[in-house]
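This is what each chain is made of:
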Amino acid sequence: MSRLSIIIPAKNESAALRALLPQVRGLYPDAEILVMDDGSTDDTRAACDGVGVTCVSAPYSMGNGAAIKRGARAATGDVLVFMDGDGQHDPRDILRLVGRLDQGYDMVVGARDWDSQAGVGRGLANTLYNWLATRMTGHVVADLTSGFRVARAEHFREFIHLLPNGFSYPTTSTMAFFRSAYAVAYEPIKAAQRVGKSHIKPLKDGIRFLLIIFKIATLYSPLKLFVPASVLFFLLGLANYLYTFITEGRLTNMSTLMWSAAVIVFLIGLVSEQITSLMYVKQRD
């Protein structure tokens, strides 16, 4: 078996870590376990002492995605395992996820069922994200935002520069793997209720998650977003022209404005497609 590096981002999760870390160490005695402390003000470091776990602390909070990136850089294993430090993920599921890599996959994501969602609102939002990502990629995306995943280290590190410092690293990494033709699989899991208070703020993060919808499209294939928008502007201009021609016998400025917008949006889509393609060119030494 390839050496595992288990990366656990944590911010003020010492209560959950005291129960989680001994369990992870007992199940995977040979694995490298890294707790990426994102500027915690509690005793997170103390929770790591005495259980053979390395705690890498940041001087201030940089975000969940930043902790993931720092962990991926610091890890020495061939397979990277990412799991939350809030007690939601069962470390016994790691073996099932890693086992799928042996079937030829490059990343395996733990897919939560409806009962594992943190509330109806979050469940509906995740269902929308999954549907949109499925339509964009042409592959079934069972859980776009799950933070419980395993990936081949060499492939994951190709996309570190694309990952945001915030909470949407699962979305970005999933779309990057699909875009680069790396095989992605989903393994059903049960997620428990988190220990402690969530760091997600409904209003602020609700707007941020709304932006994820557009990010999904632009990360994978911008033309799939811009072409429908361009067609919509063209049809609106055409409809306005037909109406004004029938009623007034003339072409109005509104129709030409709509058609101009259609052309501009389409050209922006073309440029975005080229930029996106360049983003996924593998970095060479």
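You'll find the structure just up there.
Residues numbered from 1 in each chain as written. Predicted model: local features only at pLDDT ≥ 70, side-chain atom pairs only at ≥ 80, totals over all residues. Heavy atoms only, no water.

All right, on to the nonpolar core then. Judged by nonpolar contacts, the single largest core of 38 residues is most densely connected at Leu80, Phe156, Met175, Phe177 and Ile216. Listed in part, the 29 residues of the second largest apolar core include Cys48, Val79, Leu101 and Ile189. (Core = buried A, V, L, I, M, F, W, Y, C linked by side-chain atoms within 4.5 Å. Buried < 20%, exposed > 50% of the residue type's maximum accessible area, 1.4 Å probe, protein only.)

Taken as a whole and judged by the stated rule, the model has zero disulfides. The thiol of Cys48 is unpaired, and the distance to the nearest cysteine sulfur, on Cys55, comes to 4.1 Å. (Disulfide = S-S within 2.5 Å.)

This part takes up the packing of helix H9 (residues 223-248) against helix H10 (residues 253-279). A pair of packed helices is captured by two measures, namely the crossing angle of their axes and the spacing between those axes. It is the contact of H9 with H10, at a shortest axis distance of 8 Å, that shows an interaxial angle of 170°. When the axis of H9 is compared with that of H10, the two are roughly antiparallel. In the contact of H9 with H10, the residues fall into 18 nonpolar, six polar and one charged. (Axes fitted to C-alpha atoms, helices over the stretch in contact; angles between N-to-C directions. Helix = DSSP H or I, 4+ residues; strand = E, 2+ residues; numbered from the N terminus. Parallel < 35°, antiparallel > 145°, perpendicular 65-115°, else oblique. Nonpolar A, V, L, I, M, F, W, Y, C, P; charged D, E, K, R; others polar.)

Here the focus is the pattern of salt bridges. A side chain with one charge may pair with a side chain of the opposite charge, provided their charged atoms come close. Enumeration according to the criterion identifies 10 salt bridges in this entry. One salt bridge in this structure joins Lys190 and Asp113, with 2.4 Å as the shortest N-O distance. Separated by 77 residues along the polypeptide, Lys190 in the loop between strand E7 (184-189) and helix H8 (202-220) and Asp113 in the loop between strand E5 (107-112) and helix H5 (120-137) bring together distant segments of the chain. Given the relative accessible area of 25%, Asp113 is considered partly exposed. Each of Asp93, Arg96, Arg100 and Glu187 takes part in salt bridges that share partners, so that together they form one network. (Salt bridge = Lys/Arg side-chain N within 4 Å of Asp/Glu carboxyl O.)

The subject of this paragraph is the sheet that holds strand E4 (residues 79-82). By definition, the strands of a sheet pair up through backbone hydrogen bonds, in either a parallel or an antiparallel sense. Strand order in the open sheet formed by seven strands is E3-E2-E1-E4-E6-E5-E7, and the pairing between neighbours is mixed. Because the sheet does not close on itself, it has two edges, and the strands there are strand E3 (54-57) and E7. Taken over all neighbouring pairs, the strand axes of this sheet differ in orientation by 20° on average, direction set aside. One ladder, built from three bridges, connects E5 with strand E6 (residues 149-152); its direction is antiparallel. Residue pairing across strands places Met107 opposite Ala151, the latter belonging to E6. Against the sheet, helix H4 (residues 94-101) touches strand E1 (4-10), E4, E5, E6 and E7, its axis set at about 155° to E7. (Pairing = 2+ DSSP bridges. Contact = heavy atoms within 4.5 Å.)

Everything listed here is a matter of coordinates, which is why it stays silent on function.
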